[in-house]
Amino acid sequence: MPVIRSLCKVAKQALLGTPGCGCQPLTVAVRNISFSPRQVTSDASFHSVSFSETDHPKVLITGGLGQLGVGLAKMLRKRFGKDNVILSDIRKPPRNVFHSGPFIYSDILDYKNLREIVVNNRITWLVHYSALLSAVGEANVALARSVNITGLHNILDIAAEHGLRLFVPSTIGAFGPTSPRNPTPDLCVQRPRTIYGVSKVHAELMGEYYHHRYGLDFRCLRYPGIISADSMPGGGTTDYAVQIFHDAIKSSKFECNLKPSTRLPMMYIDDCLRATLEVMEAPADTLSMRTYNINAMSFTPEELAQELQKQMPELQVTYDVDHVRQAIADSWPMNFDDSNARKDWGWKHDYDLPELVQTMLNSFAAESRMAGAN
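Residues numbered from 1 in each chain as written. Predicted model: local features only at pLDDT ≥ 70, side-chain atom pairs only at ≥ 80, totals over all residues. Heavy atoms only, no water.

The name given to the chain in an unreviewed UniProt entry is L-threonine 3-dehydrogenase, mitochondrial, with Gasterosteus aculeatus aculeatus as the source organism. According to the UniProt record, the Function (unreviewed entry) comment for the chain is "Catalyzes the NAD(+)-dependent oxidation of L-threonine to 2-amino-3-ketobutyrate, mediating L-threonine catabolism." The record held by UniProt for the chain lists under Catalytic activity (unreviewed entry) the comment "L-threonine + NAD(+) = (2S)-2-amino-3-oxobutanoate + NADH + H(+)". (UniProt positions renumbered as here; feature names shortened; annotations may be inferred.)

K.L.:
Account for the pairing of strand 1 (residues 59–62), naming residues and giving values.
P.N.:
A two-sided burial pattern is seen for strand 1, the buried positions comprising Val59 and Ile61 on one face and Leu60 and Thr62 on the other. Between the parallel elements strand 1 and strand 2 (residues 85–89), the chain passes through helix 2 (residues 69–80) in a crossover that is right-handed. (Buried < 20%, exposed > 50% of the residue type's maximum accessible area, 1.4 Å probe, protein only. Helix = DSSP H or I, 4+ residues; strand = E, 2+ residues; numbered from the N terminus. Right-handed = clockwise from strand over helix to strand, strands pointing away.)

K.L.:
Describe the environment of Leu264, naming the residues involved and giving the relevant values.
P.N.:
Tracing the backbone shows Leu264 in strand 10 (residues 264–268). Remark: the alpha-carbon pair of Leu264 and Pro301, spanning 37 residues in sequence, is separated by 9.1 Å. Here Leu264 is in contact with Thr238, Leu258, Met297, Ser298, Phe299, Ala329, Trp332, Pro333 and Met334, once residues within four sequence places are set aside. (Contact = heavy atoms within 4.5 Å.)

K.L.:
Could you give an account of empty space enclosed by the protein, with specific residues and numbers?
P.N.:
A complete count under the given rule lists 2 cavities of 30 Å³ or more for this structure. There is about 50 Å³ of room inside the largest cavity. Contributing elements (two or more residues each) for the lining of the largest cavity: helix 6 (141–161) and helix 7 (195–214). Ranked by residues supplied to the lining of the largest cavity, first place goes to helix 7 with 3 residues. For the lining of the largest cavity, the per-class residue count stands at 4 nonpolar, 4 polar and 1 charged. Estimates place the volume of the second largest cavity at around 30 Å³. Around the second largest cavity sit Leu72, Leu76, Trp125, Val127, Thr276, Leu277 and Met280, which together line it. For the lining of the second largest cavity, the secondary-structure elements that each account for two or more residues are helix 2, strand 4 (125–128) and helix 9 (269–281). No other element matches helix 9, which puts 3 residues into the lining of the second largest cavity. Partitioning the lining of the second largest cavity into residue classes produces 6 nonpolar, 1 polar and no charged. (1 Å grid on protein atoms, 1.4 Å probe; cavity = no way out; pocket = protein on both sides within 12 Å on 5 of 7 lines; lining within 4 Å. Points joined across faces, edges and corners; volume = space filled by probe spheres on them. Nonpolar A, V, L, I, M, F, W, Y, C, P; charged D, E, K, R; others polar.)

K.L.:
Pulling in residues and values, what's your account of the pattern of salt bridges?
P.N.:
With the rule as written, the count across this model stands at 16 salt bridges. The shortest N-O distance in the salt bridge between Arg222 and Glu204 comes to 2.9 Å. Placement of Arg222 in strand 7 (residues 217–223) and of Glu204 in helix 7 is noted, with a sequence separation of 18 residues between them. Taken individually, Arg222 and Glu204 each receive the classification buried, so the pair is uniform in this respect. The salt bridge partner of Asp350 is Arg274, with a shortest N-O separation of 3.4 Å. (Salt bridge = Lys/Arg side-chain N within 4 Å of Asp/Glu carboxyl O.)

K.L.:
With reference to specific residues and values, describe unusual backbone geometry.
P.N.:
Across the junction of Asn182 and Pro183, the peptide omega takes the value 0°, indicating a cis bond. Mapped onto the elements of the fold, Pro183 is located in the loop between strand 6 (170–171) and helix 7. The phi torsion at Arg122 lies on the positive side, around 55°, for a residue other than glycine. Examined against the element boundaries, Arg122 turns out to sit in the loop between helix 4 (111–120) and strand 4. Positive phi outside glycine occurs at Ser252, with the angle close to 60°. By the secondary structure assignment, Ser252 is in the loop between helix 8 (240–251) and strand 9 (253–256).

K.L.:
How would you summarise the pairing of strand 10 if you had to cite specific residues and measurements?
P.N.:
Here strand 10 lies mainly inside the structure; 5 of its 5 residues are buried. Pairing of strand 8 (residues 225–227) with strand 10, which is carried by 3 bridges, proceeds in the parallel orientation. What sits directly across from Ile226, in strand 10, is Met267. (Pairing = 2+ DSSP bridges.)

K.L.:
Which residues make up the packing of aromatic side chains, and what values do they have?
P.N.:
For the structure shown, the criterion picks out 9 aromatic pairs. Judged by centre distance (5.5 Å) and plane angle (85°), the ring pair of Phe80 and Trp125 falls under edge-to-face. With Phe80 in helix 2 and Trp125 in strand 4, the pair connects residues that are 45 residues apart, well separated along the chain. Of the two residues, Phe80 and Trp125, neither departs from the other in class, the shared state being buried. (Phe/Tyr/Trp six-rings, centres within 6.5 Å; stacked < 30°, edge-to-face > 60°.)

K.L.:
So what's going on with the nonpolar core? Residues and values would help.
P.N.:
Ranked by size, the top nonpolar core spans 70 residues in total, and within it Ile61, Phe299 and Trp345 carry the most contacts. At 7 residues, the largest contribution of residues to this core is made by helix 9. Excluding its chain neighbours within four sequence positions, the residues that come into contact with Ile61 are Gly69, Leu72, Ala73, Leu76, Val85, Ile86, Leu87, Ser88, Val127 and Tyr129. Counting 27 residues, the second largest nonpolar core, distinct from the first, contains Ile117, Val118, Val147 and Ala159. (Core = buried A, V, L, I, M, F, W, Y, C linked by side-chain atoms within 4.5 Å.)

K.L.:
Could you give an account of helix 2, naming the residues involved and the relevant values?
P.N.:
Here helix 2 is 12 residues long and its end C-alpha atoms lie 16 Å apart, about the 16 Å a rise of 1.5 Å per residue gives. Among all positions of helix 2, only Gly69, Leu72, Ala73, Leu76, Arg77 and Phe80 are buried. Seen along its axis, helix 2 keeps its buried residues to an arc of 135°; they face one direction. In helix 2, the exposed positions angled more than 90 degrees off the buried face are occupied by Lys74 and Lys78. Contacts made by the buried residues of helix 2 are with strand 1, strand 2, strand 4 and helix 9. Among the residues trailing helix 2, Gly81 stands out with phi positive, at a value near 105°. (Expected span 1.5 Å × (residues − 1). Arc of directions from axis to C-beta.)

Right, here's the structure in full:
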């Protein structure tokens, strides 16, 4: 024991320095590291990697088989290279999507699996599209809460831990009946009445909190209703504006589940995807906020039907109001004020209602010709 005490005394003097002996204290180099607010397991291993500023981002898109994921992947692959954009989902992809570029199984509720994907693929940008939409969420609140809120927490923690640039979309559904509706500004009372809207307000606030607390590069756009010819309606309240084209082509008859006078903000998918890329590429010092409204047009079911009937006069439109969806729509903005997005990072839409209708019909005509050729 005396020997041990002597050794301890010598070691202490070596570390602290002995006054009058001319020895210098031992200096230990300390490097600051970023951390996640989530506790990291004791057996985790870390590996530092340097990236050149000229490198393309390595992008992971969650919920990639939804309305927007496939289109965004196509756009980003053209810009950054096919292998730099990974689509992910819990569903099996169609053959054309599987062969168009990297696809991986990813469950956002599985934190360990998601973390491995980010690390093993050296992800630098994460686009988080996984969510249950408004009408579907109201039919299964527990599942919507799990996917839209618990899944988001996993995404936030992993993005903060690995220094990712994170995009999470929000929605017109993030507002409620006490919000100003025409127009709706970026900052106002929200108070949504659906689990989808509540979860999106939660995402906005948590993302901004992680930005201020941990330095997370969080970016968010409030999307209006998105219209696309490439995907089937997915359970959203604004999906009537997609379904009307499918039914018009198929049967020249359409039954709308909203009142003819229900005005909502809308956008063609190409504008939506371009806005997403533009805000992700915008220099951080140009962003005066982390959550922006974006808008293109605002119309009612009646106005859309009238514009479509200019091209298809045989189209017959009737109305059978779904009171659940109507109540949701009546609590949402009629028009978005997106002046901050236009001022800060130069947002500008390309498609108004006439261009939207013509483009949608052209897309369906091209699909029909291709199907006939096959």
